[in-house]
There are 2 protein chains.
Amino acid sequence: MIAPPPATADTAIAWIDHAASPLDSEPVSTDASAGRILADAVRADAAIPLADCAAVDGFAVRAAETVGASPYNPLALPLIAVAAGEPMPVQTDAVVALEMAEPAGAGMFECVEPVAPGDNVWPAGSVAMPGAVLAVKGARLDPRHIGLLIGAGISVVPAVRRPRVRIVTAPPHRVRDRNGAMIRAAAARDGGLVELTVADRTRAGIAHSLTAGQADIVLVIGGTGPGADDHAADALRSAGELALHGVALRPGGTVGLGRIGRATLVVLLPGPPPGCLFGYEVLAGRAIRRLGGRHPRLPHPLRAMTVARKIVSAIGASEFCPVRRVADDTVEPLPSFAAAGLMSAAAGDGFVIVPATSEGYPEGSTVTVHLYEGS
Amino acid sequence: MIAPPPATADTAIAWIDHAASPLDSEPVSTDASAGRILADAVRADAAIPLADCAAVDGFAVRAAETVGASPYNPLALPLIAVAAGEPMPVQTDAVVALEMAEPAGAGMFECVEPVAPGDNVWPAGSVAMPGAVLAVKGARLDPRHIGLLIGAGISVVPAVRRPRVRIVTAPPHRVRDRNGAMIRAAAARDGGLVELTVADRTRAGIAHSLTAGQADIVLVIGGTGPGADDHAADALRSAGELALHGVALRPGGTVGLGRIGRATLVVLLPGPPPGCLFGYEVLAGRAIRRLGGRHPRLPHPLRAMTVARKIVSAIGASEFCPVRRVADDTVEPLPSFAAAGLMSAAAGDGFVIVPATSEGYPEGSTVTVHLYEGS
């Protein structure tokens, strides 16, 4: 039962990065594209704006006709109302802003200040010429892109297909599953289309779930350890390839990586929830983020902060260390995952990952904190 | 047509903060609670763990029986396998880790090192005693909370009801709506349950849409200006209360705020997309975030960065200034929203909001940048 030395976290990450590339492109309605990743750059079909447009609400004029206008010499001009964004009416070349004008009755208005040609006009093509890139390959579409693309008349965009994630949870006999909903939420956050199933905790049961249905990645939860009812590694060996079993993560050291056929990645995650979550974030989530074309790093914003008390970690494994914010740019460690399970993570404002080669950080040092949303 | 001086952004924000409070609580399945905001703290019903549990995979023993064990004096003990997280079997008080033991046949294993009572045991109540807070009021639930709560047997949590947002877009006659999908994506990002409708750009048409159906907040897009076909403010006056019209935002100066009855907030957003989006982010989005119990600030992560070129802004309005990252902690301004519309926002990595009292920031100064996700 003496296990081989585990792979380093870097080795496991390199395996994931080699095995997981962005999936193919699919057309997606721009209306419903929030959060999707562009598989290719999107370019303007036509100039933006297409024609000269009013830049403000007001009255379109020929600038030459406003020469000499002043409060002492108001000029009556034809009232041709234009709203900001509307094309300029024919034979006009400037806009008198609404607040600089008074209606004068009989379809006329009074102009009290001259304008020059082009004043308050948004010239055709000034935002983009045909063929200009409106959104780059790899962009994660958000409201500003949707507004720009819809405005440019682009109703469909090429998006990286969302990874199909099958979560197979194999809790011990007579034990309620504690991980499925947690990992489903994490995989959905990372852009996965998630299906969750519960498998028999037997070699055959897990092997069956590994190959049932179609998925780009299967996450098996539980049964990764060396115990008598731990069948995940054997099940993967029988259904496909177990490339790597045992990674120097604390918690999460019994993680495994492999694949079924050419197209389906498999990540084996430990049953104890802290190791399951940390193994997910560092390895399984990375694979899902890569498949979906996202940046592979953990999705939490990073911030350099000071530690108010030393962070202790044993050499030999990358360790998840929950921290709590004690001042704007200062954190202190919380009890470890090993001592307090998910309680520390839930009570924390973020976490520090201490590399395997480090014993931690002394009080007052600067560390990179992964901050939870809303913290 | 001379407009009154607009309200300051701070005045408008104060109005929103007074008018919008977190909605009532509703029970939500913990399984499906990702992203929801807790309306109350969730406490442990029972101790966690409920009983002493194994902290590692191994064999449960009575510590007293391991006294004297060594590689030179292996002791054969009954093989009582336990997995990490399982309750300790009766009459055992320590765990010999799997890697420190060898099976010895006939239901026995060889112990080569003594253990003390409590070694590798996770004591009952060590994570939480009954009544301990597992997740605080206001927490935004994410995978770690879901894992902790499911593990604690809590299947339903009290969450702030998601705000029902009705978006009423009233594009000019014969003009395609350019804003609805953009603002729907933003409101969904902020936790809203969004319904999008297109209204006739008439006073009656908008007034009808304001009162049709049930919503916690209605966003009317378009028709906020002083032009002849701008009916949003009049429609709100006739259907309810227009509290404020005109806010010193650039773009977005024609924003309006009000309500219908006691329960429904209304935000009027300008039709030109840049002002529509900025008005949304600063005011309408703030209201939605507050109604849903979220932090009211803009949802983009903040970072102090250096400006490589000066940012210019005219005094008198809070201005949205798109910026692009040119080095890890350095940004430069992009053409303004006024000059380039949403193109600058889409091409940028974030934005700076220059307050109404400032003319901008000189080259080399430090500014607070709102960073877009993925930048």
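Keep in mind the model is a prediction, meaning the values are calculated, not measured. (Residues numbered from 1 in each chain as written. Chains lettered and ligands numbered in written order. Predicted model: local features only at pLDDT ≥ 70, side-chain atom pairs only at ≥ 80, totals over all residues. Heavy atoms only, no water.)

Participant: Go over the sheet that holds strand 7 (residues 94-97) of chain B, please, and point to the residues and values.
Facilitator: Working definition: the strands of a sheet are paired by backbone hydrogen bonds and lie parallel or antiparallel to each other. Residues and elements named next belong to chain B. Ordered by their spatial adjacency, three strands build an open sheet running 6-4-7, and the pairing between neighbours is antiparallel. For this open sheet the edge positions go to strand 6 (81-82) and strand 7, each flanked by a neighbour on one side alone. With two bridges joining them, strand 4 (residues 58-61) and strand 6 adopt antiparallel strand pairing. From the neighbouring strand, glycine 58 faces strand 6, where its bridge partner is valine 82. (Pairing = 2+ DSSP bridges. Helix = DSSP H or I, 4+ residues; strand = E, 2+ residues; numbered from the N terminus.)

Participant: Give a detailed account of helix 3 (residues 180-189) of chain A, specifying residues and quantitative values.
Facilitator: Of all 10 residues making up helix 3 of chain A, seven are buried, and the element is well covered by its neighbours. In the core, the buried residues of helix 3 of chain A are packed alongside strand 13 (164-169), strand 14 (193-198), strand 15 (217-221), helix 6 (273-291) and helix 8 (342-347) of chain A together with helix 2 (143-151) of chain B. In the stretch just after helix 3 of chain A, glycine 191 of chain A is the one whose phi turns positive, near 100°. (Buried < 20%, exposed > 50% of the residue type's maximum accessible area, 1.4 Å probe, protein only. Contact = heavy atoms within 4.5 Å.)

Participant: Tell me about the interface of chain B and chain A, and please be specific about residues and values.
Facilitator: Every contact between the two is made by 59 residues of chain B and, on the other side, 58 residues of chain A. Here chain B packs against chain A, burying approximately 4,600 Å² in sum over the two surfaces, 63% of which is carbon and sulfur. Linking chain B with chain A are two salt bridges, by the criterion used here. In this structure, arginine 140 of chain A engages glutamate 373 of chain B in a salt bridge whose closest nitrogen and oxygen atoms are separated by 3.6 Å. Counting every contact that joins chain B to chain A gives six residue pairs in polar contact (both at pLDDT 80 or more). Looking at the side of chain B that touches chain A, the elements that each hand over two or more residues are strand 8 (101-105), strand 11 (133-135), helix 2, helix 3 (180-189), helix 7 (337-340) and helix 8 (342-347) of chain B. By residue class, the composition of the side of chain B that touches chain A is 33 nonpolar, 10 polar and 16 charged. (Buried area = accessible area lost by both parts, 1.4 Å probe. Salt bridge = Lys/Arg side-chain N within 4 Å of Asp/Glu carboxyl O. Polar contact = N/O pair within 3.5 Å; in protein donor to acceptor, adjacent residues only side chain to side chain. Nonpolar A, V, L, I, M, F, W, Y, C, P; charged D, E, K, R; others polar.)

Participant: Explain the state of the cysteines residue by residue, including any values.
Facilitator: Here the structure, examined in full by the defined rule, presents zero disulfides over all chains. Looking at the unpaired cysteine 276 of chain B, the closest cysteine sulfur is the one in cysteine 53 of chain A, lying at 17 Å. (Disulfide = S-S within 2.5 Å.)

Participant: Can you break down the environment of valine 352 of chain B residue by residue, with the values?
Facilitator: All names here are of chain B. With respect to the secondary-structure elements, valine 352 resides in strand 24 (residues 350-354). Judged by relative accessible area, valine 352 falls into the buried class, the value being 1%. Through-space distance from the C-alpha of valine 352 to that of valine 367 is 7.3 Å; in sequence the pair is 15 residues apart.

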